[in-house]
Protein chains: 4
Amino acid sequence: MTILVGIVGISGFGGGEALRLIANHPAFELVYAAGDSTAGSPLADRFPGLPAKLAHLVIQKWDPATLPNLDVLFASLPTGASAAALARVPQTVKIVDIGGDHRYATGWAYGLADVWPSQITGQTRVANPGCFPAATLNALAPLLVNNLIDPGNIVIDAKTGISGAGRGGDSKFGYAESNENLVPYGMLEHTHMPEIATTIEHLSGGSAAGLVFTPHLVPMTRGILVTIYCRGTATTAQCLSAARDFYAGRDFIRVSDTPPQTKWATGSNLSFVSYAADPKRNLVIAMGVVDNLGKGAAGQAVQNANLMCGLPETTGLEGLPVWP
Amino acid sequence: MTILVGIVGISGFGGGEALRLIANHPAFELVYAAGDSTAGSPLADRFPGLPAKLAHLVIQKWDPATLPNLDVLFASLPTGASAAALARVPQTVKIVDIGGDHRYATGWAYGLADVWPSQITGQTRVANPGCFPAATLNALAPLLVNNLIDPGNIVIDAKTGISGAGRGGDSKFGYAESNENLVPYGMLEHTHMPEIATTIEHLSGGSAAGLVFTPHLVPMTRGILVTIYCRGTATTAQCLSAARDFYAGRDFIRVSDTPPQTKWATGSNLSFVSYAADPKRNLVIAMGVVDNLGKGAAGQAVQNANLMCGLPETTGLEGLPVWP
Amino acid sequence: MTILVGIVGISGFGGGEALRLIANHPAFELVYAAGDSTAGSPLADRFPGLPAKLAHLVIQKWDPATLPNLDVLFASLPTGASAAALARVPQTVKIVDIGGDHRYATGWAYGLADVWPSQITGQTRVANPGCFPAATLNALAPLLVNNLIDPGNIVIDAKTGISGAGRGGDSKFGYAESNENLVPYGMLEHTHMPEIATTIEHLSGGSAAGLVFTPHLVPMTRGILVTIYCRGTATTAQCLSAARDFYAGRDFIRVSDTPPQTKWATGSNLSFVSYAADPKRNLVIAMGVVDNLGKGAAGQAVQNANLMCGLPETTGLEGLPVWP
Amino acid sequence: MTILVGIVGISGFGGGEALRLIANHPAFELVYAAGDSTAGSPLADRFPGLPAKLAHLVIQKWDPATLPNLDVLFASLPTGASAAALARVPQTVKIVDIGGDHRYATGWAYGLADVWPSQITGQTRVANPGCFPAATLNALAPLLVNNLIDPGNIVIDAKTGISGAGRGGDSKFGYAESNENLVPYGMLEHTHMPEIATTIEHLSGGSAAGLVFTPHLVPMTRGILVTIYCRGTATTAQCLSAARDFYAGRDFIRVSDTPPQTKWATGSNLSFVSYAADPKRNLVIAMGVVDNLGKGAAGQAVQNANLMCGLPETTGLEGLPVWP
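Since the model is a prediction, treat every value here as computed from it, not as a measurement. (Residues numbered from 1 in each chain as written. Chains lettered and ligands numbered in written order. Predicted model: local features only at pLDDT ≥ 70, side-chain atom pairs only at ≥ 80, totals over all residues. Heavy atoms only, no water.)

Undergrad: How should I be thinking about the packing of aromatic side chains in this particular structure?
TA: The relative placement of two aromatic rings is captured by the distance of their centres and the angle of their planes. All names here are of chain C. One pass over the full model with this rule turns up 30 aromatic pairs over all chains. Residues phenylalanine 132 and phenylalanine 213 carry aromatic rings whose centres are separated by 5.3 Å and whose planes lie at 75 degrees to one another, so their mutual orientation is edge-to-face. Here phenylalanine 132, found in helix 4 (residues 131-145), pairs with phenylalanine 213, found in strand 9 (residues 211-218); they are 81 residues apart in sequence, far enough to count as distant. (Phe/Tyr/Trp six-rings, centres within 6.5 Å; stacked < 30°, edge-to-face > 60°. Helix = DSSP H or I, 4+ residues; strand = E, 2+ residues; numbered from the N terminus.)

Written out as structure tokens, the structure reads:
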């Protein structure tokens, strides 16, 4: 079976990672790549390592009216930029929206693939979770569904590599400005909070979420680590056990006895979770690691597309992390 | 006035930074440098940028019985390695212990220089705070003394550059292993917690401290950022105002309206503090940034030595941060 | 067809990269992993992203007398450490030696796979080129076989990421010492020079090679760039054309019109070559980029093993570079 | 004596480093800072570590007609952007042009301060050398004036940190694009070549220079290393001796027996030179290291200004390199 796929947003980091994964996917054939800032360039000019089989592709100007015959479209557009255009894509084309416009939007499934795979199977419109939510929710889900923590009192200290800020020309993300620099931002108001809160409420059976979320830019290219401070009286062993049960048979989740490191996930679709608890202090620390471009974006998107197309969800995603 | 100073632990990062600061200090003259792993080498072999005036120095084997005539000794030794030997240094030699053995030890003042300068003036034995405590306590002090937060419920998410792990041959701190890697460690049990807790109790008038402290290694050489989640109903403006009042006239503390970045402090003795609060959520986030080798080690040590010697505390510490 | 393979030197960077490639190779099954420093550990303890199908493996102590049934052994041992032990491996086991002990040794083919694939097909003992030689020789081969440059006057300015220095505990490769540092080393005497010289003489039909080779350590984990200054009167277009002809049909060589960047190759088995010439100045600059752990080590080793086993040489090596 | 100084180009990296050095200079008082992109901002908004004594300064729009009373103006403007405006600055104001518009221009001295200090003393218009020329010429000068190498056959392989590319929003200098990437550029045509060639001809007594110059961007913020391949029959010892004689009494030049590393110079005005020669191969390798923002820009500019003003040239430049 060959599934014809396209990518819009090929100039960005998410689009580029989608290309890398799709190029080696045994069932997907890339037939369309679009991106406004690079439209008209041969795809090989932007990706010097492009394989010969894709060397004929030219980057198109993004226009839903001129799509070729497609089975799946991966959309990796800036938040706010995709909704109107994607609405014009024919329903026969499955869409995974890696961008932020359709999370918990009507008509779109929320693609937290490792937690709710059955809700994605067979869907035609799936909104990929944000990168921070992916890391956070995979770590919290086993605790929430087992009532091991209070959903009303969760402090998320989140750290991301700089590719998470997206690609662009802002000098504050320049190498000289960013190397040897660690930057907190978005105090008390990060855009990912509502998505996290809504999902926590779903997972906890409707209890109101109380969240503090503080993101930090770390001088590295890829990787997210969330350190999440929760209230609860479970032991470390109980938390680990709950996670192992919850994720039994799930290929991409690794429950680790020791604190996970971002480099464990680089270049892969893996999601590491771990826990450290102190019942005497009513404290559960949950930790999650993903590659923000893998499980946090293109990896999860391919996993969602696999589920949407009825393929095994690991198809094309077996690559081990790149280390060192 | 020339004050004769020595450094023991010259092979480590803290000792090296002390050398850099002392070499340009107008009142200090370096006459002694000791370090076991490099004893016998010309100091210039280890520090290719050493100025001509110090080129005659040879690294000595550390032995308190063979000290030259000294006014001040800076000790930058691994925790656990310094107490016995430093006890044998004559009382006529002032000591600043950058290592961890004398914090809150009998006979030693605790050198949190920006908070309690008057307790250091004229002392002969001063224990430098740890790097994480320096960043943390400078940020928390104005809140604690003004009862703006609950000392019993403080979550410290701490991030440090890798020089904070000390110098040595452990391959887990190797470049290839550490670059593009973010590593949480010491969950629930970091060695700096008792020092922070004791100081919080002093600052809050005796209330018991309740702490969670989670350090993370960040792929950068220098810099500490602490993001501290507290409970309290003060506004952001009240916190900033309390800090500006508390630190009025203090040269090394910068109260910032925006979240501080580690690169603001690199190479300097500055300590940045900032706050973001949401009274409706009973939340105060305090942030602190220092250079772990500056205010977190050698810079604070020189500041303490200045106070001990009756010099203006800024002497030799006026250098601006290195940027970019 | 399932080919049973083993890796010795699993604790090092080269062994780790071999593991990553072999784990996803459709014809190879990893049944043996050995490494002295980690013997006895579950393989999954060292590689947190290990797939479930390999989770049963335990790292063995390296001993050729206790090998399981194997078709191919990848040896990634420090130079000087492998010859005696590998001599005891049965001839029925094909060996690719990623280490340096068998380059141009009797009974071993020299595995410069993109230049001389036919010399590797069907062999049982193949010595992988060094990482610098791989980058250098791929760039020079088309010029030498076409007599476009003087083999007696070649200046190679080589730059490598720090994983090229191997894994270990030397503090000079520590993160704090290495970040923001660029280090020339091995002036006039690098160990890779004889291998390069011998190969140049082969490629140029016996003319004596005259080489200057200067390696530099660059603060990055992976990647090699060689900038090679040669004497010749070919134009840039002639050099590019010669390379395109020479490498016609070769999958892993990319001839680039513009200077190649190390990140183009990261995580892949690709080798980029480019040229800039000025006939008026009798100057040809050849450039080569590889991932030192890919084409410079494990990638080339898998390619060699494919050829030795009669598989298509690209098998298991189709992964695109990881970017960014 | 208080010398009133100004900086134009305060938004760039060179201007920022000039600020850092001037702020601690005992004879200079900063009274003017201009920069188009940030005009109107308090200087403290751009430099969070600014000392209190400079906190009153506001960044001005650059206009030579509205200069305050100044003794020295440091101009750090993009090449091509400064000549017309600087021509309108009164002759009573000494100018050091850190930018590229006045190197070997009529009426401007060439400020290679460690080689020709006497040509700078008392001047009113001095053009700072480029960063690559500074590193290169300091290394070559002793060889050229002693006829130890052939000026007609010099290959310069130059490597720079990314701050050398200047500040701006070009995404190719973004952190994610640049980290783990090593990039050759400007093949055969770099803008610094004429300046280097002219100076080589001066130093060699008029012989024509024959140069190859290839710059590379290295993933680090600061630092330049040049590896220069020359023809000559001097021994290593003879080259080192020639350099030690040539630079006797010069404070900022360090002649090193071992290859210099960029981190030796970070944050300082030091310039390291070293040599490795093989007379049998008619080969002399010269190496030079500087901080591109120190000796390669603002450090050398302050040194030039000191000479222009009749101050000791080391005034305000005694800071040791920042390590690690």
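After that view of the structure, there is still more to cover.
Undergrad: Please explain the sheet that holds strand 1 (residues 3-8) of chain D as it appears in this structure.
TA: In sheet architecture, strand pairing relies on hydrogen bonds along the backbone and comes in two forms, parallel and antiparallel. Residue and element names in this part refer to chain D. Strand order in the open sheet formed by six strands is 2-1-3-4-6-5, and the pairing between neighbours is parallel. The sheet is open, and its two edges are formed by strand 2 (28-34) and strand 5 (109-110), each paired on a single side. Bridge count for strand 4 (residues 94-97) against strand 6 (residues 125-127) is three bridges, and the pairing is parallel. Paired with aspartate 97 across the two strands is alanine 127, which belongs to strand 6. Sitting on the sheet, helix 1 (residues 13-23) touches strand 1, strand 2 and strand 3 (72-75), and the angle it makes with strand 1 is about 160 degrees. (Pairing = 2+ DSSP bridges. Contact = heavy atoms within 4.5 Å. Axes fitted to C-alpha atoms, helices over the stretch in contact; angles between N-to-C directions.)

Undergrad: What exactly am I supposed to notice about the UniProt feature "active site" (unreviewed entry) in chain A here?
TA: Residues and elements named next belong to chain A. UniProt marks Cys131 with the feature "active site" (unreviewed entry), using the numbering shown here. Structurally, the position occupied by cysteine 131 is in helix 4 (residues 131-145). For cysteine 131, the residues in contact, after removing those within four places along its chain, are His192, Ile224, Val290, Asn292 and Gly296. (UniProt positions renumbered as here; feature names shortened; annotations may be inferred.)

Undergrad: Would you take a moment to explain the pattern of salt bridges for this structure?
TA: It is possible for side chains bearing opposite charge to pair when their charged atoms get close. According to the stated counting rule, one finds 53 salt bridges over all chains in the structure shown. In this structure, the salt-bridge partner of arginine 222 of chain A is aspartate 291 of chain A, at a minimum N-O distance of 2.9 Å. Residue arginine 222 of chain A is found in the loop between strand 9 (211-218) and strand 10 (224-231), and its partner aspartate 291 of chain A is found in the loop between strand 13 (283-290) and helix 8 (294-309); the two are separated by 69 residues along the sequence. For arginine 88 of chain C, the salt bridge is made with aspartate 63 of chain C, and the minimal N-O distance between the two is 3.8 Å. Remark: aspartate 63 of chain C occurs in the loop between helix 2 (43-46) and strand 3 (72-75) and arginine 88 of chain C occurs in the loop between helix 3 (83-86) and strand 4 (94-97); sequence separation between them is 25 residues. Connected through salt bridges with shared partners, the residues Glu17, Arg20, Arg222 and Asp291 of chain A form a single ionic network. (Salt bridge = Lys/Arg side-chain N within 4 Å of Asp/Glu carboxyl O.)

Undergrad: Please clarify how unusual backbone geometry should be interpreted in this entry.
TA: Comment: phi is negative for the bulk of residues other than glycine, and the bulk of peptide bonds are trans. Backbone torsion omega between tryptophan 323 of chain B and proline 324 of chain B reads 0 degrees, so that peptide bond is classified as cis. Positive phi, close to 70 degrees, is recorded for leucine 188 of chain A, a residue that is not glycine. Summarising the element assignment, leucine 188 of chain A is placed in the loop between strand 8 (183-184) and helix 6 (193-203).

Undergrad: What am I meant to see in the interface of chain A and chain B here?
TA: Interfaces are often sized by the accessible area lost when the parts come together. Tallying the contact residues gives 43 residues for chain A and 43 residues for chain B. Summed over both sides, the interface between chain A and chain B buries roughly 3,600 Å², with carbon and sulfur atoms accounting for 61% of that surface. If you sort the residues of chain A by the area they bury against chain B, Glu180, Leu182 and Leu188 of chain A come out on top, with a joint share of 19%. On the surface where chain A and chain B come into contact, there are two salt bridges. (Buried area = accessible area lost by both parts, 1.4 Å probe.)

Undergrad: Is there a simple way to explain the interface of chain C and chain B in this structure?
TA: Facing the 18 residues of chain C at the interface are 18 residues of chain B. Taken over both partners, the interface formed by chain C and chain B buries close to 1,300 Å², and the fraction arising from carbon and sulfur atoms is 59%. Summed over the three residues of chain C that lose the most area to chain B, namely Tyr175, Ala176 and Thr221 of chain C, the buried surface amounts to 46% of that side. For the pair chain C and chain B, the interface holds two salt bridges. Among the ionic pairs, glutamate 177 of chain C bridges to arginine 167 of chain B, the shortest N-O distance being 3.2 Å. At the surface where chain C touches chain B, the tally comes to six residue pairs in polar contact (both at pLDDT 80 or more). When residues in the side of chain C that touches chain B are grouped by element, the largest group, four residues, is from helix 5 (residues 175-178) of chain C. Of the residues contributing to the side of chain C that touches chain B, the split by class is seven nonpolar, eight polar and three charged. (Polar contact = N/O pair within 3.5 Å; in protein donor to acceptor, adjacent residues only side chain to side chain. Nonpolar A, V, L, I, M, F, W, Y, C, P; charged D, E, K, R; others polar.)

Undergrad: Is there a simple way to explain the packing of helix 4 (residues 131-145) of chain D against helix 6 (residues 193-203) of chain D in this structure?
TA: A pair of packed helices can be characterised by two numbers: the angle between their axes and the separation between those axes. Residue and element names in this part refer to chain D. Packing of helix 4 against helix 6 leaves a shortest axis separation of 10 Å and a crossing angle of 20 degrees. Taken together, helix 4 and helix 6 sit at an angle that is classed as roughly parallel. As for how helix 4 packs across helix 6, the hand of that crossing is right-handed. Where helix 4 abuts helix 6, its residues Pro133, Thr136, Leu137, Leu140, Ala141, Leu144 and Val145 lie against Glu195, Ile196, Thr199, Ile200 and Leu203. For the contact of helix 4 with helix 6, a count of residues per class yields nine nonpolar, two polar and one charged. (Parallel < 35°, antiparallel > 145°, perpendicular 65-115°, else oblique. Left-handed = near helix turned anticlockwise from the far one by under 90°.)

Undergrad: How should the nonpolar core be read in this particular structure?
TA: Looking at soluble globular proteins, one finds that nonpolar side chains tend to be buried together. Grouped together as the largest cluster of nonpolar side chains are 103 residues, with contacts concentrated most on Phe28, Leu43 and Phe74 of chain C together with Phe28, Leu43 and Phe74 of chain D. A total of eight residues in this core trace back to one element, the largest contributor, which is helix 8 (residues 294-309) of chain D. Filtering out sequence-adjacent residues up to four positions away, phenylalanine 74 of chain C remains in contact with Val5, Gly6, Ile7, Val8, Ile22, Phe28, Val96, Ala301, Val302 and Ala305 of chain C. Ranked by size, the runner-up nonpolar core spans 99 residues in total, among them Leu50 of chain A, Leu19 and Ala27 of chain B together with Leu320 of chain D. (Core = buried A, V, L, I, M, F, W, Y, C linked by side-chain atoms within 4.5 Å. Buried < 20%, exposed > 50% of the residue type's maximum accessible area, 1.4 Å probe, protein only.)

Undergrad: What is the right way to read the sheet that holds strand 10 of chain A from this model?
TA: Residue and element names in this part refer to chain A. Pairing is mixed across the open sheet formed by seven strands, whose spatial order is 8-9-7-10-13-12-11. Each edge of the open sheet is held by one strand with a lone partner, namely strand 8 and strand 11 (253-255). Pairing analysis gives eight bridges linking strand 12 (residues 271-278) to strand 13, with the strands arranged antiparallel. Opposite valine 273, over in strand 13, you have glycine 288 as the bridge partner. Across the sheet, helix 7 (residues 236-246) touches strand 11, strand 12 and strand 13, and the angle it forms with strand 12 is around 155 degrees.

Undergrad: Which parts of the structure should I look at to understand the relation of the copies chain A and chain B?
TA: Each of the two chain copies goes to the other by way of a rotation about an axis and a shift along it. Expressed as a screw operation, the relation of chain A to chain B combines 0.0 Å of axial shift with a rotation of 180 degrees, fitting to an RMSD of 0.0 Å. What we have between these two chains is a two-fold relation. Closest to the rotation axis within chain A is the C-alpha of proline 219 of chain A, separated from it by 3.3 Å. In this assembly, 100% of the residues forming the interface of chain A have copies in chain B that are likewise at the interface, indicating an isologous arrangement. (Least-squares fit on C-alpha atoms with pLDDT ≥ 70 in both.)

Undergrad: Looking at this structure, how should I read the relation of the copies chain C and chain B?
TA: With an RMSD of 0.0 Å, the fit of chain C onto chain B corresponds to turning through 180 degrees and sliding 0.0 Å along the axis. Comparing interface residues between copies, 100% of those in chain C also lie at the interface in chain B; the contact surface is shared.

Undergrad: What exactly am I supposed to notice about helix 4 of chain D here?
TA: Note that an α-helix has 3.6 residues per turn; residues three or four places apart therefore point the same way. All names here are of chain D. End to end, helix 4 covers 21 Å across 15 residues, agreeing with the expected 21 Å (1.5 Å per residue, within 8%). If you look at helix 4, its biggest bend is around 35 degrees, right at alanine 139, and the proline proline 142 turns up within four residues after that. Once helix 4 ends, the next one or two residues include asparagine 147, with phi positive near 55 degrees. (Expected span 1.5 Å × (residues − 1). Bend = angle between axes of the 7 residues up to and from the residue.)

Undergrad: Whenever I open this one, the environment of asparagine 153 of chain B confuses me. Can you help?
TA: Structurally, asparagine 153 of chain B is set in the loop between helix 4 (131-145) and strand 7 (154-160). Separated by 78 residues in the primary sequence, asparagine 153 of chain B and arginine 231 of chain B have C-alpha atoms spaced 6.6 Å apart. If near-sequence neighbours (up to four positions away) are discounted, asparagine 153 of chain B is found in contact with Arg231 of chain A together with Gly210, Tyr229, Cys230 and Arg231 of chain B. Within the structure, asparagine 153 of chain B has its side chain in polar contact with the side chain of arginine 231 of chain A (distance 3.0 Å).

Undergrad: I tried to follow the side chain of glutamine 300 of chain A on my own but got confused; where do I start?
TA: Residues and elements named next belong to chain A. Tracing the backbone shows glutamine 300 in helix 8. Separated by 3.3 Å, the side chains of glutamine 300 and lysine 295 make a polar contact. Those residues in contact with glutamine 300 that sit more than four places away from it in its chain are Gly111, Leu112, Ala113, Asp114, Asn128, Pro129, Ala134, Asn269, Gly294 and Lys295.

Undergrad: Can you help me understand the pairing of strand 1 (residues 3-8) of chain A in this one?
TA: Along any regular strand, the residues point their side chains to alternate faces of the sheet. Residue and element names in this part refer to chain A. Most of strand 1 sits out of view: six of its six residues are buried. Here strand 1 shows a buried face lined by Ile3, Val5 and Ile7 and a second buried face lined by Leu4, Gly6 and Val8. Of the strand pairs in this sheet, strand 1 and strand 2 (residues 28-34) are connected by six bridges, and their pairing is parallel. Directly across from valine 5, in strand 2, lies its bridge partner leucine 30.

Undergrad: How do you make sense of the pairing of strand 13 (residues 283-290) of chain D when you look at a structure like this?
TA: Residues and elements named next belong to chain D. Of all eight residues that make up strand 13, eight are buried, and the element is covered over most of its length. Residues of strand 13 alternate between two faces, with Leu283, Ile285, Met287 and Val289 on one and Val284, Ala286, Gly288 and Val290 on the opposite face, all of them buried. Where strand 10 (residues 224-231) and strand 13 come together, eight bridges link them in antiparallel fashion. Bridging across to strand 13, cysteine 230 finds its partner in valine 284. A loop of four residues connects strand 12 (residues 271-278) with strand 13, the two strands running antiparallel in sequence, and asparagine 282 in this loop sits at a positive phi of about 55 degrees.

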